[in-house]
Amino acid sequence: MNKWIKTILFLLGSVFLTRFIPFSSLFRNLDTMIHEFGHALMTLVLSGKVLRIELYADHSGVTYSSMLTPGRSILVSLAGYISASLFAWLLFYLYRKGLHMWGLGIMTAVALVSLLLYVRGEFGMLWLTGFIVLNVVIMIFGAKIVKFYYLLLAFLTLEESVVSAVYVGFMSWTQPSRAGDAANLAQQTFLPALFWGTLFALFALWCANRALTLFFRKEGTSRSSRSRGLRRA
C-alpha cells in the first residue's frame, strides 16, 4: 500500500480512537500552544514585539504582535502551522532516540515561557498551569506511565497539526477570507489563500509521514544497515 495512503488511514484511525481516551480533548490544546508560540518566536527573531497570546477552549488561539517592517509579517504568518508540524515530527524523533523525557521537558519549558511572558486570558493561563504541573508530576513520580503519556501527547499533537492544517486548506478553497493564516498571507502577498492553505496541508502531511515512519521503524533496521556498511568498509 502506498505510504501516503497508509499515513492518512493511520491518522484517521488515530483521530477516531483517541476520542475515547478520557480528557484527551484538553491535551489537544498543546498543538495550539506550539502554533501560537511559533508565531511569537518568529516575531522575536525578526525584532518584532509580542503583545499577547490567547488560547481558547475550542482549541483555537491568536497571537497579537507588532512588526516595524510589514514584509516580515509574512514569515510570522508562515511560522504557526510550520512550527506545529515540525514540532510533532520532533516529538517522534525524540521518542525514537529514547529521549522522551527531553521531549516532555521541552513541552513544559515552552508552556512555562508562554505562561510567564505572553499568554493572557483565564482559560489559557489555567490550561498552561495545569499542563505544567501535570508534566512535572509525571516526570518525577510517573516512571511507569511516562512513555504512554508522552506517546499520547505526541499522537494528539500530530493529529491536531494535520487536522488544523487540512481544515485551513479546505477553508482556503471554500471560504478564502476565513482561512486564518492563509487568508493573512493572501493579503500580504500576490498569492491567493488557496496556495497557502494547500501548502500548509501538504507540509503537515509530509511531516506526519516522516513522524510515523520513525515510529514504525524497526529497531534493528538502522543497526543492521550500519553493520553492513562497516563490513563493506
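All of these numbers come straight from a predicted model, not from anything done at the bench. Every chain's residues receive numbers from 1 upward, in the order its sequence appears when written. For a predicted model such as this one, the threshold for reporting local features is a pLDDT of at least 70, and the threshold for listing and counting side-chain atom pairs is 80 or more; totals across whole chains, interfaces and linings nevertheless cover every residue. Only heavy atoms go into the side-chain values, all of them from the structure, while hydrogens and water stay out.

**A word on the overall build of the protein**
(1) Moving on: A run of H or I in DSSP counts as a helix once it spans at least four residues, and a run of E counts as a strand once it spans at least two, with each numbered from the N terminus. When you go through the protein residue by residue, the secondary structure sums to 10 helices and two strands.
(2) Moving on: To get the radius of gyration, use the C-alpha atoms; to get the globule rule, take the number of residues to the power 0.38 and multiply by 2.2 Å. Computed over C-alpha atoms, the radius of gyration of the protein comes to 19 Å, within 12% of the 17 Å expected from 2.2 N^0.38 for 233 residues, which places it in the range of a compact globule.
(3) Moving on: The principal-axis extents of the C-alpha atoms in the protein amount to approximately 55 × 40 × 40 Å.
(4) Moving on: Put simply, the protein has 233 residues, and 42% of those count as buried.
(5) Moving on: The contact criterion used throughout is that any non-hydrogen atoms of two residues lie within 4.5 Å. Of the contacts formed within the protein by residues at least 6 apart in sequence, a portion of 70% connects residues at least 24 apart.
(6) Moving on: Asp and Glu count as negative and Lys and Arg as positive, but His and the ends of the chain are not part of the count. In this description, the location of a charge corresponds to atom NZ of lysine, CZ of arginine, CG of aspartate or CD of glutamate. Taken as two groups, the 21 positive and 9 negative side-chain charges of the protein have centres that lie 18 Å from each other. For every residue, the accessible area (1.4 Å probe, protein chains only) is compared with the maximum for its type, and the residue is labelled buried under 20%, exposed over 50%, or partly exposed between those bounds.

**A short note on helix H4 (residues 73-96)**
(1) Moving on: To estimate how far a helix should reach, multiply one less than its number of residues by 1.5 Å. Relative to the 34 Å expected for 24 residues at 1.5 Å per residue, H4 spans 35 Å between its end C-alpha atoms, a close match to the ideal helical length.
(2) Moving on: A bend of about 40° at Ala79 is the largest found in H4.
(3) Moving on: With its phi angle positive at about 75°, Gly98 sits one or two positions after the end of H4. Note that bend, as reported per residue, equals the angle between axes fitted to the 7 residues terminating at that residue and the 7 residues originating from it.

**A word on a nonpolar patch on the surface**
(1) Moving on: A cluster of nonpolar residues, Val133, Val136, Val137, Ile140 and Phe141, forms a patch on the protein surface that exposes about 490 Å² of accessible area.
(2) Moving on: Residue placement: Ile140 occurs in helix H6 (residues 122-141). Residues form patches when they are more than 30% accessible in relative terms and have no salt bridge. Like charges link within 9 Å. Nonpolar side chains (Val, Leu, Ile, Met, Phe, Trp, Tyr) link within 5 Å. Accessible areas in this description were obtained via Shrake-Rupley with a 1.4 Å probe; residue shielding takes into account the shown protein chains only. In the sections that follow, a salt bridge refers to a side-chain nitrogen of Lys or Arg positioned within 4 Å of a carboxyl oxygen of Asp or Glu.

**Examining the side chain of Ser77**
(1) Moving on: Among the structural elements, Ser77 can be located in helix H4.
(2) Moving on: The class of Ser77 is buried, set by a relative accessible area of 8%.

**Some words on unusual backbone geometry**
(1) Moving on: One non-glycine residue with positive phi stands out, namely Ser47, at about 65°.
(2) Moving on: Position of Ser47 among the secondary structure elements: in the loop between helix H3 (29-45) and strand S1 (49-55).
(3) Moving on: Exposure remark for Ser47: the relative accessible area of 54% places this residue in the exposed category.
(4) Moving on: The backbone of His59 shows a phi angle near 75°, a positive value even though the residue is not glycine.
(5) Moving on: Relative to the helices and strands, His59 is located in the loop between S1 and strand S2 (61-66).
(6) Moving on: Given a relative accessible area of 23%, His59 falls into the partly exposed group.

**Considerations on the packing of H3 against helix H5 (residues 100-118)**
(1) Moving on: It is the contact of H3 with H5, at a shortest axis distance of 11 Å, that shows an interaxial angle of 65°. By crossing handedness, the relation of H3 to H5 is classed as left-handed. Note on element contacts: H5 touches H3 through Met107, Val110, Ala111, Val113, Ser114 and Tyr118, opposite Leu30, Met33, Ile34, Phe37 and Leu44.
(2) Moving on: Polarity classes work like this: nonpolar for Ala, Val, Leu, Ile, Met, Phe, Trp, Tyr, Cys and Pro, charged for Asp, Glu, Lys and Arg, and polar for all others, with Gly in that last group. Of the residues contributing to the contact of H3 with H5, the split by class is 10 nonpolar, one polar and no charged. All axes are obtained by fitting lines to C-alpha atoms, using only the stretch in contact for helices, and the reported angles, taken between N-to-C directions, cover 0 to 180 degrees. Two helices that cross are described as forming a left-handed crossing if the nearer one is turned anticlockwise from the farther one by less than a right angle, and a right-handed crossing if clockwise.

**With respect to the pairing of S1**
(1) Moving on: Judged from the six bridges that link them, S1 and S2 form a sheet pairing that is antiparallel. Looking at the pairing, Lys49 lines up with Ser66 of S2.
(2) Moving on: In this antiparallel pair of consecutive strands, S1 and S2, the connection spans five residues, and His59 shows a positive phi of 75°. Strands are treated as partners if at least two bridges between them are detected by DSSP.

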